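Coordinate analysis (summary)
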Amino acid sequence: MLVSAYRMVLILLLSLVLAAGYNRLASPAPIPWVTPPRPGAGGASTSSSHPSTAEGGLTAADVKRAIESGLVKLVDARSPEEFAEGHIPGALNLPIKQYKEDFGLAYQVGLRQEDDIIVYCKSPECDESVDLTERLTRNGFTKVRNYAGGIEGWKAAGGPVEKP
Amino acid sequence: MNTDRLIDIRARLSLVVGVVFIYAAVQKIPDPQSFVSNIRHFKLMPDWSLNALALGLPWLELVAGAMLVLGVWVAEATVIFLLMSLGYIFGAARALALGLDISCGCFGKDYKGSATDVILVNAALVVAYVLILAAGRAVRRRRTVRVEALIAGSRGEGEPQRR
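Below is a summary of the structure that appears in this document.

Rules used throughout
Residues numbered from 1 in each chain as written. Chains lettered and ligands numbered in written order. Predicted model: local features only at pLDDT ≥ 70, side-chain atom pairs only at ≥ 80, totals over all residues. Heavy atoms only, no water. Contact = heavy atoms within 4.5 Å. Buried area = accessible area lost by both parts, 1.4 Å probe. Salt bridge = Lys/Arg side-chain N within 4 Å of Asp/Glu carboxyl O. Buried < 20%, exposed > 50% of the residue type's maximum accessible area, 1.4 Å probe, protein only. Helix = DSSP H or I, 4+ residues; strand = E, 2+ residues; numbered from the N terminus. Phe/Tyr/Trp six-rings, centres within 6.5 Å; stacked < 30°, edge-to-face > 60°. Lys NZ or Arg CZ within 6 Å of the ring centre and 35° of its normal. Axes fitted to C-alpha atoms, helices over the stretch in contact; angles between N-to-C directions. Parallel < 35°, antiparallel > 145°, perpendicular 65-115°, else oblique. Pairing = 2+ DSSP bridges.

Each partner contributes to the interface: chain B provides 36 residues, whereas chain A provides 34 residues. Taking both sides of the interface into account, the surface hidden between chain B and chain A amounts to around 3,200 Å²; carbon and sulfur atoms contribute 62%. If you sort the residues of chain B by the area they bury against chain A, R40, W59 and E76 of chain B come out on top, with a joint share of 19%. Between the two partners, chain B and chain A, sit three salt bridges.

See the structure below:
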């Protein structure tokens, strides 16, 4: 079988050139080539042995202070079933899966673009809150932060949990 | 199977695979951010590389898919797809083993394929790649044999003169 590595490299280079050109000149939603650090950097890079904190991000104490100030809206990005099992008191439920299909859902649950918003999900290993933070930011919500510790970090820090 | 039949099978398979990938690419190219989210859920690649993958992979699918449709550099384009599909199968199998909740986003943000779907679709594609490569190889071998026979024949005609 004759497969030319040279031709394969050419195909790869042509693809990269087209991708770069489109992203720079014509894309309706251009993004940087290197992924910027995620808001409230958590996820797999955060040690799960300290679930109440996120490296460089919000801690459970920050969230508690934010709740006490009454100036922040807490948003739980998990499914309605998970939300019903227990959430941070006063949190609104905006499941990322449903929000991806209906951007209007954010307004329906009571969010406004000018609101100061903190999003969380289950734990530092979950991605729903990161996704939701990115989506909300792209859709014009300017003050969205991610609490990477999630409900598990909140509970580990002694935070109360509310059930419907 | 005769050579014409092999060429026909190869062309048809290349066309189908090429069209599938062009369609997949066109769905993903306008919204790379959604594809970033889909790739992130696999937890396979470092965070810093996700944007580059989401930008580059759909264009690679488009260019290589167009080559399959046009019948240009078919073997090279097929090998690229083979490597990509093996990567997708590995990522999906790993996600299944780790219990990750993934949606492949293979055909754009509205496609909600599970890890099992990714494995099945790509396994079927791998079969198609192997057939394309095998048919191409068989065609090339038969042509080589035919050319060698022609050369041998022309030498044979010259033998009486040497005597």
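With that settled, the discussion passes to helix α2 (residues 32-42) of chain B. For α2 of chain B, a buried count of 11 out of 11 residues is recorded, marking the element as mostly surrounded by other parts of the structure. For α2 of chain B, every residue scored as buried is listed here: P32, Q33, S34, F35, V36, S37, N38, I39, R40, H41 and F42 of chain B. The elements touched by buried residues of α2 of chain B are α4 (96-101) and α6 (128-138) of chain A together with α1 (3-28), α3 (50-70) and α4 (74-98) of chain B. Positive phi appears at K43 of chain B, one or two residues downstream of α2 of chain B, with a value of about 50 degrees.

On to the packing of aromatic side chains, then. Residues and elements named next belong to chain B. In the structure shown here, the tally under the stated rule is five aromatic pairs over all chains. Taken together, a centroid distance of 4.0 Å and an interplanar angle of 20 degrees make the contact between F21 and F81 stacked. Highlighted residues: F21 in helix α1 and F81 in helix α4, separated in sequence by 60 residues. Its relative accessible area of 5% is what places F21 among the buried residues. Overall, the relative accessible area of 0% leaves F81 in the buried class. On the basis of an interplanar angle of 15 degrees and a centroid distance of 6.3 Å, the ring pair of F81 and Y129 is categorised as stacked. In this pair, F81 is assigned in helix α4 and Y129 in helix α5 (residues 115-162), connecting sequence segments 48 residues apart. The residues F81 and Y129 share a single accessibility class, namely buried. In this structure an aromatic cluster arises from ring pairing among F21, F81 and Y129. If you follow K28 out to its NZ or CZ, it ends over the ring of F35, 4.8 Å from the centre.

Okay, the packing of α6 of chain A against α2 of chain B next. At a closest axis distance of 11 Å, the pairing of α6 of chain A and α2 of chain B adopts a crossing angle of 175 degrees. Compared by their axis directions, α6 of chain A and α2 of chain B come out roughly antiparallel. Along its contact with α6 of chain A, which presents V130, D131, E134, R135 and R138 of chain A, the element α2 of chain B presents Q33, S34, S37, R40 and H41 of chain B.

Glancing now at the environment of G108 of chain B. In this fold, G108 of chain B is placed in the loop between α4 and α5. Residues G108 of chain B and V26 of chain B, spaced 82 residues apart in sequence, show a C-alpha to C-alpha distance of 8.2 Å.

What follows is about the sheet that holds strand β4 (residues 143-146) of chain A. All names here are of chain A. Strand order in the open sheet formed by four strands is β2-β1-β3-β4, with parallel pairing between adjacent strands. Edge positions in the sheet fall to β2 (92-93) and β4, since each has one partner strand and no second. Each of β1 (72-76) and β3 (116-120) is contacted by helix α2 (residues 60-69), which is oriented at about 125 degrees to β1, the strand it contacts most. The strands touched by α6 within the sheet are β1, β3 and β4, with β4 carrying the most contacts at an inclination of about 170 degrees.

Using the criterion set out here, one finds 12 salt bridges over all chains in the structure. A salt bridge links D76 of chain A to R78 of chain A, with the nearest nitrogen and oxygen atoms 2.7 Å apart. We note that D76 of chain A, like R78 of chain A, is buried. A salt bridge links D8 of chain B to R12 of chain B; the nearest nitrogen and oxygen atoms lie 3.0 Å apart. Here D8 of chain B pairs with R12 of chain B, and both are found in helix α1, just four residues apart, close to one helical turn. A residue is classified by how much of its surface remains accessible, and R12 of chain B, at 56% relative accessible area, is exposed.

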